[in-house]
Protein chains: 2
Amino acid sequence: MNFLEVTYRLAPQIDDAEALAASLLLEQTVEVPAPVAARDAHVREHMTGHVLRQRRAPDGALHVRLALPAVTAASNAAQFLNVLFGNASLHAGVSLAGFALPEALRALFPGPRFGIAGLRERTGAAGRPLTATALKPAGLALENLAALCRTFARGGIDLIKDDHYLADQPRHPFAARVAACQRAVDETNAQTGGRAVYAPHLSGLPEHVRRQAETAQEAGARAVLAAPMLMGLPAFAELVRCHVDVPVLAHPSFAGHGWIKPPVLLGRLFRLFGADASIFAGHGGRFGTAATTCRALARALREDWHALRPALPMPAGGMTVERAPELVRFYGADVGLLIGGSLLEAGDALLERTCQFTEAVRRAASGADR
Amino acid sequence: MNFLEVTYRLAPQIDDAEALAASLLLEQTVEVPAPVAARDAHVREHMTGHVLRQRRAPDGALHVRLALPAVTAASNAAQFLNVLFGNASLHAGVSLAGFALPEALRALFPGPRFGIAGLRERTGAAGRPLTATALKPAGLALENLAALCRTFARGGIDLIKDDHYLADQPRHPFAARVAACQRAVDETNAQTGGRAVYAPHLSGLPEHVRRQAETAQEAGARAVLAAPMLMGLPAFAELVRCHVDVPVLAHPSFAGHGWIKPPVLLGRLFRLFGADASIFAGHGGRFGTAATTCRALARALREDWHALRPALPMPAGGMTVERAPELVRFYGADVGLLIGGSLLEAGDALLERTCQFTEAVRRAASGADR
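Predicted, not measured: the structure shown is a model, and the values here were computed from it. (Residues numbered from 1 in each chain as written. Chains lettered and ligands numbered in written order. Predicted model: local features only at pLDDT ≥ 70, side-chain atom pairs only at ≥ 80, totals over all residues. Heavy atoms only, no water.)

When helices and strands are tallied, chain A shows 17 helices and 13 strands. Taking 370 residues into account, the globule formula puts the C-alpha radius of gyration at 21 Å, and chain A, at 22 Å, falls close to it. Across its three principal directions, the C-alpha atoms of chain A cover 75 × 45 × 35 Å. A separation threshold of at least 6 residues defines the contact pool for chain A, and within that pool the share at least 24 residues apart is 74%. For chain A, the exposed surface amounts to about 12,200 Å²; the carbon and sulfur share of it is 50%. (Helix = DSSP H or I, 4+ residues; strand = E, 2+ residues; numbered from the N terminus. Rg over C-alpha atoms; globule rule 2.2 N^0.38 Å. Contact = heavy atoms within 4.5 Å. Areas by Shrake-Rupley, 256 points an atom, 1.4 Å probe, with all protein chains shown as cover.)

Listed below in structure tokens is the structure:
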């Protein structure tokens, strides 16, 4: 019999956490009182799962690990989420701290189709961290966004992504923006011999996303950006599986904080659902993320796990050019450093600042090679 | 100029909450340092928004209200969520406490197409609370699920919904289950003269959901159940807008707790996105929800707001038959009482217990009529 193993963290302030922990087994399986489940032989024998263990963490939180029958979760990727953390997520102070998959559920997911190796091949960035930046702020005229593309590509950036606030606004409609930015990157690549990749942001209802994916690829986009929690993880899975043939960079917008631990959501789940790279709030930036969280997140994206391709960790959210050497030491070479504001602050000296960034990363990487 | 007004709550334990509150304005608009935004005239004048006010609540939390330019959010319902609570959601201790819409954004959303009045018309439940129950546990054989339908319909239940763990499992595949349950309800209605409605659970990737909606309606389903946060709110919006002609009951699975306040997420947002009824964890049940939260949630679903139809509040999660009179007093007549386990515990006396429930609600409603 196959089980999905799930670990929930019950915050220290929860009264009678042991009783709640035990009740979560029913909550995530049959959702009826135990005597009702026991009345039916099939339900009793195959649908109820069991508690694997409870332990108190040093911070007073209670961690409970449950074995949930895989058969309930195996219909599709959405139903998997339902069993993983559907009703349990509605309890104050209960968060999803981890999970382990049986092979039966692994088959529901594509995982990264390109991953770190595919992104390196596409950009020509071998043996060093990738450099990335964002086209912003939203509201710039198309010619200014295209000019940013030219400068970033000329400065040696590998991945130039739309800001996630760029959608399909009158000031920069999707199709016109993608055409202008892709052309700017292509022309610059032709001049420099570089292989910068532009990643337009796909967003909207599933039908919008499907059409945008088509438009982007027709325009020659060699990657796309999408926010899995914003479009919904099932729509993201469908996008990856059916509508794009290029790498997908995942953006954390609308992911919330803490209800699912970032290494689980932006690490394991995004990788499982098919993200080739995962953007997250890096330590020392605007979001106050702990370094240990970033380390765990990078591990979840890169470690050996169910033969899934490793996905690229992309710390962001207030990273600076000056910190490039430190960040390379922290993450190693298999990382994408995403720096936006710290480049744009240079104003008219944007090209010089961009070169400073990309050269710092190259230098740090050769120094960090041991 | 049109603004989306958003209120974030910053938890008391956040250090320097005032500075973080002010920074959220940039986070949710241009996402660059202020001097960078100021360099472009259009961005400076139209894209940056402003802080409306900050106030300390008695519990020490800081509430900040921002005016965000509607133009950034107006592309579609997904982009609206991005601007509403995209990056801000990534901050520890920051939750979405409220929002107000300009008419320009109201047009993005269908709202309930049936609402409370439509559900009353469909079920024949006039001037009293609706009664509802769930088909569970998952794992029952099809004939047992159909037998539950017959008993519930015979006992006078208005809305018989799939348990949200019923997906497309081998034990009860979607199409066969919907056909069997719908037939059972139809046959019983024909015998009793009742108008019980069966609501199958649609779940999966957008393409699965679209096909299930078609199958369900072809089988004669007169309502459906869907979990907006599980499928993703944009996929839910597309379902409502394009793929179903019957009322949609929203289930809270995978909604998380606290990162968006339940009255905002399960109340305002679900209603806006098109839920005709919203199921939530009621006070006094398994989830420890406060009565004040339930009252605010019911208000958000029912109050006059942008000419949207009122949606039906459906408290659930451990409600009991014995509490029916109290719950009717608390919510009034415009409510759907969703009781599952407390009926199923009756075992062989399920029909009697069901009648006891539906009669208690009828009696309480006539007593509560003032």
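After that view, the rundown keeps rolling.
Quick look at the packing of helix α9 (residues 174–192) of chain B against helix α10 (residues 206–218) of chain B now. Residue and element names in this part refer to chain B. Their axes nearest at 9 Å, the elements α9 and α10 cross at an angle of 25°. With respect to α10, the element α9 is oriented roughly parallel. The handedness of the crossing between α9 and α10 is right-handed. Mapping the contact onto sequence places F174, A175 and V178 in α9 and Q212, T215 and A216 in α10. (Axes fitted to C-alpha atoms, helices over the stretch in contact; angles between N-to-C directions. Parallel < 35°, antiparallel > 145°, perpendicular 65-115°, else oblique. Left-handed = near helix turned anticlockwise from the far one by under 90°.)

This brings us to the interface of chain B and chain A. Counting from both sides, the interface comprises 76 residues of chain B and, opposite them, 76 residues of chain A. Here chain B packs against chain A, burying approximately 6,600 Å² in sum over the two surfaces, 62% of which is carbon and sulfur. Contact with chain A buries area across many residues of chain B, yet L90, Y165 and F254 of chain B alone supply 12% of it, more than any other trio. The tally of links from chain B across to chain A stands at 8 salt bridges. Notably, a salt bridge pairs R286 of chain B with E27 of chain A, separated by 2.7 Å at the nearest N-O pair. Taken together, the links from chain B to chain A amount to 35 residue pairs in polar contact (both at pLDDT 80 or more). The set of elements that each furnish at least two residues to the side of chain B that touches chain A consists of α3 (41–46), α4 (70–73), α5 (77–85), α10, α11 (228–231), α12 (233–243) and α16 (341–344) of chain B. The element best represented in the side of chain B that touches chain A is α5 of chain B, accounting for 7 residues. Residues that form the side of chain B that touches chain A fall into these classes: 36 nonpolar, 27 polar and 13 charged. (Buried area = accessible area lost by both parts, 1.4 Å probe. Salt bridge = Lys/Arg side-chain N within 4 Å of Asp/Glu carboxyl O. Polar contact = N/O pair within 3.5 Å; in protein donor to acceptor, adjacent residues only side chain to side chain. Nonpolar A, V, L, I, M, F, W, Y, C, P; charged D, E, K, R; others polar.)

In this model helix α8 (residues 142–154) of chain A runs 18 Å from its N-terminal to its C-terminal C-alpha over 13 residues, within 8% of the 18 Å that 1.5 Å per residue would give. With its phi angle positive at about 95°, G156 of chain A sits one or two positions after the end of α8 of chain A. (Expected span 1.5 Å × (residues − 1).)

Least-squares fitting of chain B to chain A yields an RMSD of 0.0 Å, with the transformation described by 0.0 Å of translation along the axis and a rotation of 180°. What we have between these two chains is a two-fold relation. Across chain B, the smallest distance between a C-alpha and the rotation axis is recorded for G232 of chain B, namely 1.8 Å. With an isologous cut-off of 70% or more, the 100% of interface residues of chain B that recur at the interface of chain A puts this contact in the isologous class. (Least-squares fit on C-alpha atoms with pLDDT ≥ 70 in both.)

Tallying each qualifying case throughout the model produces 19 aromatic pairs over all chains. Ring plane angle 70° and centroid distance 5.9 Å describe the contact between F80 of chain A and F99 of chain A, whose orientation is recorded as edge-to-face. Note that F80 of chain A is positioned in helix α5 (residues 77–85) and F99 of chain A in strand β4 (residues 94–100), a separation of 19 residues in sequence. On the basis of relative accessibility, which here comes to 0%, the residue F80 of chain A falls in the buried class. Each ring, one from W259 of chain A and one from W259 of chain B, has its centre 5.5 Å from the other, and the planes form 10°; the classification is stacked. Of the two residues, W259 of chain A sits in the loop between β10 (248–250) and α13 (262–273) while W259 of chain B sits in the loop between β10 (248–250) and α13 (262–273), which places them in two different chains. (Phe/Tyr/Trp six-rings, centres within 6.5 Å; stacked < 30°, edge-to-face > 60°. Buried < 20%, exposed > 50% of the residue type's maximum accessible area, 1.4 Å probe, protein only.)

This part is about the environment of I260 of chain A. Looking at the element boundaries, I260 of chain A is found in the loop between β10 and α13. Judged by its relative accessible area of 2%, I260 of chain A falls in the buried class. Taking the C-alpha atoms as reference points, I260 of chain A and S95 of chain A, separated by 165 residues in sequence, lie 5.4 Å from one another. When neighbours within four sequence positions are excluded, I260 of chain A is seen to be in contact with F85, L96 and L265 of chain A together with F254 of chain B.

Turning next to the pattern of salt bridges. Applying the stated criterion across every chain, the model contains 34 salt bridges over all chains. Residue D334 of chain B pairs with R120 of chain B through a salt bridge whose shortest N-O separation is 2.7 Å. You can see D334 of chain B sitting in the loop between α15 (324–331) and β13 (336–338) and its partner R120 of chain B sitting in helix α7 (residues 115–123), a full 214 residues away along the chain. By relative accessible area, R120 of chain B is classed as buried at 14%. One salt bridge in this structure joins R353 of chain B and E322 of chain B, with 2.8 Å as the shortest N-O distance. Placement of the pair is R353 of chain B in helix α17 (residues 350–368) and E322 of chain B in the loop between β12 (312–316) and α15, with a sequence separation of 31 residues. Through salt bridges with shared partners, one network takes in E27 and E31 of chain A together with K136 and R286 of chain B.

Okay, helix α9 (residues 174–192) of chain A next. Working note: α-helix, 3.6 residues per turn, so residues spaced by three or four point in the same direction. Residue and element names in this part refer to chain A. Between its first and last C-alpha, α9 extends 27 Å over 19 residues, near the 27 Å set by a 1.5 Å rise per residue. Buried residues of α9: F174, R177, V178, A180, C181, Q182, A184, V185, T188 and N189, and no others. Turning to α9, the residues buried within the fold contact β5 (130–135), α8, β6 (159–162), β7 (197–199), β8 (201–202) and α10 (206–218). Backbone geometry just after α9 places G193 at a positive phi near 80°.

Residue and element names in this part refer to chain B. Strand order in the open sheet formed by 4 strands is β7-β6-β5-β13, and the pairing between neighbours is parallel. Each having just a single partner strand, β7 (197–199) and β13 make up the two edges of the open sheet. Along the sheet, successive strands turn relative to each other by an average axial angle of 25°, direction set aside. With 4 bridges joining them, strand β5 (residues 130–135) and strand β6 (residues 159–162) adopt parallel strand pairing. Residue pairing for β6: A134 is matched across the bridge by K161. Strands in contact with helix α8 (residues 142–154) are β5 and β6; relative to β5, the strand with the most contacts, it is inclined by about 165°. (Pairing = 2+ DSSP bridges.)

Residues and elements named next belong to chain A. At a closest axis distance of 11 Å, the pairing of α10 and helix α12 (residues 233–243) adopts a crossing angle of 35°. The interaxial crossing formed by α10 with α12 has right-handed handedness. Contacts from P206, V209, R210, A213 and Q217 in α10 reach A235, L239 and H243 in α12. In terms of residue class, the contact of α10 with α12 is built from 5 nonpolar, 2 polar and 1 charged.

Let us now look at unusual backbone geometry. Residue and element names in this part refer to chain A. A cis amide bond links K136 to the next residue, P137, at an omega of 0°. Tracing the chain through its elements places P137 in the loop between β5 and α8. Positive phi values are uncommon outside glycine, yet E31 reaches one of about 55°. The exposure class of E31 is buried, given its relative accessible area of 11%.

All names here are of chain A. For strand β1 (residues 3–10), a buried count of 6 out of 8 residues is recorded, marking the element as mostly surrounded by other parts of the structure. Alignment of β1 against strand β3 (residues 62–69), held across 8 bridges, turns out to be antiparallel. Bridge pairing in β3 links F3 to P69.

Here the focus is the sheet that holds strand β13 (residues 336–338) of chain A. Residues and elements named next belong to chain A. Across the sheet, 4 strands lie side by side as β7-β6-β5-β13; this open sheet has parallel pairing. If you trace the sheet from one side to the other, it starts and ends with β7 and β13, each paired once. When strand polarity is set aside, the average angle formed by the axes of neighbouring strands in this sheet is 25°. The pairing of β6 with β7 spans 3 bridges and is parallel. The partner of K161 across the bridge, within β7, is A199. In the packing of α8 onto the sheet, contacts are made with β5 and β6, and the angle to β5 comes to roughly 165°.

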